[in-house]
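A look at the structure
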Amino acid sequence: QNPKTSAIVKQLVVEGNARELQKYFGSRMEFGTAGLRAAMGAGISHMNDLTIIQTTQGFCRYLEKNFSDLKKRGVVIGFDARAHLSSGGSSKRFARLAANTFISQGVPVYLFSDITPTPFVPYTVTHLKLCAGIMVTASHNPKQDNGYKVYWENGAQIISPHDKGISQAIEENQEPWPQAWDDKLIDSSLLLHDPYATVNKEYFKDIQKQCFHRNINKETNLKFVHTSVHGVGHKFVQLAFKAFDLSPPFAVPEQKDPDPEFPTVKYPNPEEGKGVLTLSFALAEKDGAKIILANDPDADRLAVAEKQESGEWKVFSGNELGALLGWWIFTCWKNHNRDTRAIKDVYMLSSTVSSKILKAIALKEGFHFEETLTGFKWMGNRAKQLMDQGKAVLFAFEEAIGYMCCPAVLDKDGVSAAVITAEMASFLASRNLTLSQQLKAVYDEYGFHITKASYFICHDPKVIQQLFDNLRNFDGKNTYPKSCGRFKVSGIRDLTTGYDSSQPDKKAILPTSKSSQMITFTFANGGVATMRTSGTEPKIKYYSELCAPPGNSDVEQLKKELDELVNALEKHFFQPEKNNLQRKTE
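The rules behind the values
Residues numbered from 1 in each chain as written. Predicted model: local features only at pLDDT ≥ 70, side-chain atom pairs only at ≥ 80, totals over all residues. Heavy atoms only, no water. UniProt positions renumbered as here; feature names shortened; annotations may be inferred. Helix = DSSP H or I, 4+ residues; strand = E, 2+ residues; numbered from the N terminus. Rg over C-alpha atoms; globule rule 2.2 N^0.38 Å. Buried < 20%, exposed > 50% of the residue type's maximum accessible area, 1.4 Å probe, protein only. Contact = heavy atoms within 4.5 Å. Areas by Shrake-Rupley, 256 points an atom, 1.4 Å probe, with all protein chains shown as cover. Lys, Arg positive; Asp, Glu negative; His and termini not counted. Charge placed at Lys NZ, Arg CZ, Asp CG, Glu CD. Pairing = 2+ DSSP bridges. Axes fitted to C-alpha atoms, helices over the stretch in contact; angles between N-to-C directions. Phe/Tyr/Trp six-rings, centres within 6.5 Å; stacked < 30°, edge-to-face > 60°. Disulfide = S-S within 2.5 Å. Domains from an automatic or database assignment. Core = buried A, V, L, I, M, F, W, Y, C linked by side-chain atoms within 4.5 Å. Polar contact = N/O pair within 3.5 Å; in protein donor to acceptor, adjacent residues only side chain to side chain. Parallel < 35°, antiparallel > 145°, perpendicular 65-115°, else oblique. Left-handed = near helix turned anticlockwise from the far one by under 90°. Nonpolar A, V, L, I, M, F, W, Y, C, P; charged D, E, K, R; others polar.

In the annotation of an unreviewed UniProt entry, the chain is listed under the name PGM2 protein and assigned to Hemiprocne comata. Entered under Sequence similarities (unreviewed entry) in the UniProt record, the comment concerning the chain runs "Belongs to the phosphohexose mutase family." The UniProt entry for the chain carries this comment under Subcellular location (unreviewed entry): "Cytoplasm".

Written out as structure tokens, the structure is:
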């Protein structure tokens, strides 16, 4: 019933444009563990009023089946600032339609009255003991995209089999229920609650448990620049600095207010490198700031840059910031826990494609480290299991600039990560140290971990399938490569098929998934490289790492060796020319 999407479809029918209609109606968006992520527009393959109603009807029925007290506890719904003029879709409108669906079935809804960072939704699920949460966001995707992210009652993103159960329920509930389109009905409903004020107060109270150096924060002369890249983060990072008694960071004026057009950047993704930070560098030079903190548009990720002695800016990789935050959070914990026996219950987590630096720190310091599959859904769920067993999960991270620094949020959180990074930098500055110097000190103590990650863009699923099939049948049927250029392969783990050459029974320990591609190669020189497909973008990604034991300080040699390994990986395993793959561009 949306006049804009309806008009788009009618126009295509008039034109007889079967090809476009096939694109819009050929296949339904797939609901996976990441929920939905697609462009806004007409048809069942896009995010629009109808597909949001259908998805929420399915989700509602699935929750009714799983929770006898759903009508007592309810759900939370948040949204970012995305909007799409030509189809009339926006995150706020989708959130209101979703709320209307639940309220029509007698389910209480805690709908944020204004834009909110993604981590506030899992925080609210846990804090108010709700059955589930929905966040309408496409994070750092291009401006035409939107998404629908789902959290379970434990405050973590859903994992299988919930995705399959919800997907089936969506299929069974496609016809909009009576009054499904009339979102104005919710405004007078007693089942509608606004958690905005409560959550803003309680969240900033909870993250203060991670504030350990208030006196230094009050005195520091260190200046910070913050950008929210036209997203939701500005107000919340300002409040976080206030909660830690830090002077507010300088906000990049052109990027601080939400703008669904993202006019100053090609991609609103701080992971994409220095291009996104151009305006931040200029403001930092003008105001004499040494450190830049950049959130992605839904404020669940964080990129950090620091001005070096040379005047150059260093943008830390996700793995480097993971090393610094891991060191910092453990150091703070150790200084506040004099009972040495407590360490046996301390855990840190990272995903299998992230640096193993936390493993090295854990081995030396005596706490536990675990790796999980890629994505915070795995780390969030594992953290909750451990916490329920009375363990302390201090920190979890993944190389895609995602950090969980505070146990009150079982997902990546760019707001708490930003202010904790600022406190760490202020503390180091009081000792005349920079973040870069401290990173070197961490590597000196625990061993250098050099990483390199990138991706190729490929829009043809057949080519991607063929590429991975070739790797599994490299020297004849069911044989993996024995070498990659001059680099000898010493081990293979394939989490698509469940094969692991290092296990006695050749079966992988981590869960496997046939629906996504992921192969990890271990090399005789100690290098590790993983190739995998992305769940939300048309990319084939790779991650590589070389680790040296403490004391091996020839970093340049390690970097050179890793560069050569990556070049061989691209040439022999990706074969970009043959497969017509598009390289990542800055």
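**Details of the overall build of the chain**
Per the secondary structure count, the chain includes 19 helices and 25 strands. Over its C-alpha atoms the chain spans a radius of gyration of 24 Å, differing by no more than 12% from the 25 Å that the globule rule assigns to 586 residues. C-alpha atoms of the chain, sized along the principal axes, occupy 70 × 65 × 50 Å. Considering the chain as a whole, with its 586 residues, one finds that 57% of them fall into the buried category. Partitioning the contacts of the chain with sequence separation of at least 6, the portion at a separation of at least 24 is 70%. Just so you have it, the chain exposes about 24,700 Å², and 51% of that area is on carbon and sulfur atoms. Averaging the locations of the 70 positively and 66 negatively charged side chains of the chain gives two centres separated by 2 Å.

**Section: the sheet that holds strand β10 (residues 250-251)**
Two orientations exist for strands paired in a sheet by backbone hydrogen bonds: parallel and antiparallel. If you walk across this open sheet you meet the five strands as β10-β9-β11-β12-β13, and the pairing is mixed. Edge positions in the sheet fall to β10 and β13 (313-315), since each of these pairs with one other strand and no more. Direction of pairing for strand β12 (residues 302-307) relative to β13: antiparallel, over a ladder of three bridges. Directly across from glutamate 306, in β13, lies its bridge partner lysine 314. Of the strands in this sheet, β9 (224-227), β10 and β11 (291-295) touch helix α10 (residues 233-243), which is tilted by about 150° from β9. Sheet contacts for helix α15 (residues 414-430): β9, β11 and β12; angle to β11, the most-contacted strand, approximately 170°.

**Looking at the sheet that holds strand β1 (residues 36-39)**
The mixed open sheet is built from six strands, whose spatial order is β1-β7-β6-β2-β5-β8. A single partner strand is all that each edge strand has here, and the edge strands are β1 and β8 (192-193). Relative to strand β7 (residues 145-151), strand β6 (residues 132-136) runs antiparallel, the two sharing four bridges. Looking across to β7, one finds that isoleucine 134 is bridged to valine 150. This element, helix α5 (residues 91-104), spans β2 (75-79), β5 (109-111), β6, β7 and β8 of the sheet and lies at about 165° to β2.

**Points about the packing of aromatic side chains**
Inspection of every chain in the model, using the stated rule, returns 23 aromatic pairs. Between the aromatic rings of phenylalanine 120 and phenylalanine 204, the centroid separation amounts to 6.2 Å while the plane-to-plane angle is 70°, which identifies the pairing as edge-to-face. Of the two residues, phenylalanine 120 is situated in helix α6 (residues 120-127) and phenylalanine 204 in helix α8 (residues 196-207); the sequence distance between them amounts to 84 residues. Taken individually, phenylalanine 120 and phenylalanine 204 each receive the classification buried, so the pair is uniform in this respect.

**A look at the state of the cysteines**
A full pass over the atoms with the stated rule returns zero disulfides. No disulfide involves cysteine 131; its sulfur sits 11 Å from that of cysteine 60, the nearest cysteine. In this structure cysteine 131 comes out as buried when scored by relative accessible area, which is 0%. This cysteine, cysteine 211, is not joined by any disulfide, and cysteine 332 carries the nearest cysteine sulfur, 9.4 Å off. Residue cysteine 211 is classed as buried on the basis of its relative accessible area of 13%.

**What about the domain arrangement of the chain?**
Domain boundaries in the chain define domain 1 (3-193), domain 2 (204-311), domain 3 (319-446) and domain 4 (448-583). Computed over C-alpha atoms only, the centres of domain 1 and domain 4 are separated by 36 Å.

**Looking at the nonpolar core**
If you look at the biggest cluster of nonpolar residues, it comprises 162 residues, and the most contacted ones within it are Phe59, Phe102, Phe395, Tyr403 and Met531. In this view, phenylalanine 395 contacts Gly322, Leu325, Gly326, Ile329, Tyr347, Met348, Leu349, Leu358, Tyr403, Met404 and Cys405; residues no more than four positions away in its chain are not counted.

**Re the side chain of glutamine 54**
With respect to the helices and strands, the residue glutamine 54 is situated in helix α3 (residues 49-66). A polar side-chain atom of glutamine 54 sits 3.0 Å from a polar atom in the side chain of arginine 28. Aside from chain neighbours lying at most four places away, what touches glutamine 54 is Arg28, Ile170, Asn173 and Gln174.

**Quick notes on the UniProt feature "domain: Alpha-D-phosphohexomutase alpha/beta/alpha" (unreviewed entry) in the chain**
In this numbering, the UniProt entry assigns the feature "domain: Alpha-D-phosphohexomutase alpha/beta/alpha" (unreviewed entry) to residues 29-175, 201-307 and 344-446. Across residues 29-175 one finds 37% helix and 19% strand; the C-alpha atoms that close the span lie 16 Å apart. A helix fraction of 32% and a strand fraction of 16% characterise residues 201-307, whose end C-alpha atoms lie 34 Å from each other.

**Comments concerning the packing of α3 against helix α7 (residues 162-172)**
At their nearest, the axes of α3 and α7 sit 7 Å apart, and the two run at 120° to each other. As the angle between them shows, α3 and α7 are arranged oblique. Between α3 and α7 lies a crossing of right-handed hand. Of α7, the residues touching α3 (which contributes Gln54, Thr55, Gly58, Phe59 and Tyr62) are His162, Gly165, Ile166, Ala169 and Ile170. Among the residues making up the contact of α3 with α7, the classes are represented as five nonpolar, five polar and no charged.

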